[in-house]
Amino acid sequence: MLDVPDWAGHRAGQHLDVRLTAEDGYRAERSYSIGSPPGEPVAITVERLDDGEVSPYLTEELRAGDALELRGPIGGYFVWGPEDGGPLLLVAGGSGVVPLMAMLRHRRAARSDVPARLLYSSRTLEDVIYRAELDRLGAEVVHTLTREQPPGWTGYTRRVDAEMLREVAWPASEDPRVFVCGPTPFVETVAGTLVQLGYPPQMVKTERFGATGGR
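Position labels on residues start from 1 in each chain and follow its written sequence. At least 70 in pLDDT is required for a residue's local features to be given in this predicted model, at least 80 for side-chain atom pairs to be given and counted, and no such filter applies to totals for whole chains, interfaces and linings, which use all residues. Hydrogen atoms and water are omitted, and side-chain values are computed over all heavy atoms in the structure.

### Some remarks on the overall build of the chain
Part 1 of the argument: Per the secondary structure count, the chain includes 5 helices and 8 strands.
Part 2 of the argument: Secondary structure elements follow DSSP: runs of H or I of four or more residues count as helices, runs of E of two or more count as strands, with numbering from the N terminus. Tracing the chain from N to C terminus, the helices and strands come up as β-β-α-β-β-α-β-α-β-α-β-α-β.
Part 3 of the argument: Computation of the radius of gyration draws on C-alpha atoms, with the globule rule given as 2.2 Å multiplied by the number of residues to the power 0.38. Over its C-alpha trace the chain gives a radius of gyration of 17 Å, about what one expects of a compact globule, namely 17 Å for 215 residues.
Part 4 of the argument: With respect to the principal axes defined by its C-alpha atoms, the chain has extents near 55 × 40 × 30 Å.
Part 5 of the argument: Any residue under 20% of the maximum accessible area for its type is buried, any over 50% is exposed, and the rest in between are partly exposed; the area is computed with a 1.4 Å probe on protein chains only. Taken across its 215 residues, the chain has 46% of its residues classed as buried.

### Some remarks on helix α2 (residues 97-109)
Part 1 of the argument: Between the first and last residue of a helix there are one fewer steps than residues, each counted as 1.5 Å, and that sum is the expected span. For α2, with 13 residues, the first-to-last C-alpha span of 18 Å sits near the 18 Å given by 1.5 Å per residue.
Part 2 of the argument: Counted residue by residue, α2 has 11 buried out of 13 residues, so it is predominantly covered.
Part 3 of the argument: Within α2, burial applies to Val 97, Val 98, Pro 99, Leu 100, Met 101, Ala 102, Met 103, Leu 104, Arg 105, His 106 and Arg 107.
Part 4 of the argument: Here, two residues are considered to be in contact whenever any of their heavy atoms come within 4.5 Å of each other. Buried residues along α2 sit in contact with β2 (27-33), β4 (88-93), β5 (116-122), α3 (131-134) and β7 (177-183).
Part 5 of the argument: Positioned one or two residues after α2, Arg 111 has a phi angle of 55 degrees, which is positive.

### Considering unusual backbone geometry
Part 1 of the argument: Between Gly 72 and Pro 73 the backbone carries a cis peptide bond, its omega angle lying at 0 degrees.
Part 2 of the argument: Looking at where Pro 73 falls in the secondary structure, it is placed in strand β3 (residues 69-74).
Part 3 of the argument: The omega torsion of the bond from Gly 86 to Pro 87 falls at 10 degrees, within 30 degrees of zero and hence cis.
Part 4 of the argument: By the secondary structure assignment, Pro 87 is in the loop between β3 and β4.
Part 5 of the argument: A positive phi is found at Asp 6, a non-glycine position, where the angle reads about 60 degrees.
Part 6 of the argument: Here Asp 6 shows up in the segment before β1 (15-21).
Part 7 of the argument: Positive phi, normally seen in glycine, also occurs at Asp 175, with a value near 55 degrees.
Part 8 of the argument: Secondary-structure assignment places Asp 175 in the loop between α4 (162-168) and β7.

Shown next as structure tokens:
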């Protein structure tokens, strides 16, 4: 959790920029999705990258009481609230689940009855972020593990493809609200496939990041 003075509030799906300044004046800035729902303190989930400039500091050196330079909230396109309706289709690759988690938390906090379904692609079961909480959100969660599966695994074992989306996604005719987030290649593949399956491009909202975590 971040204690941000004069925080004006945020919407589920928005992100913020974190800027670090070294003693020699060098600056590094990265964008991180907000994982907490509207009305709760700002929280981000940081995936540590061994060659990263910002994530090692945030995950290993940052201590309570340390100051950070933040800018946000940012973004008004990749957002959802219960008033936007549904059904809600969320497709995540890796840490792309963070802004989608904010949407699911918001849905639960608002006691919304909008149907929600999350298709979550991870390398292994250990890589699943929010693993325990996902089971308590009241949404349908479908996992696919692309690299390694535990004994007895009965779920998907491949990258998201057209057949998987046909089986998991609501038909485009039901006018679902669709949000796709993850690494750029993942997002481009999923969004393109959904369009091929009949989803109007404007129906599929996307948020992507590169190998460094930048947007």
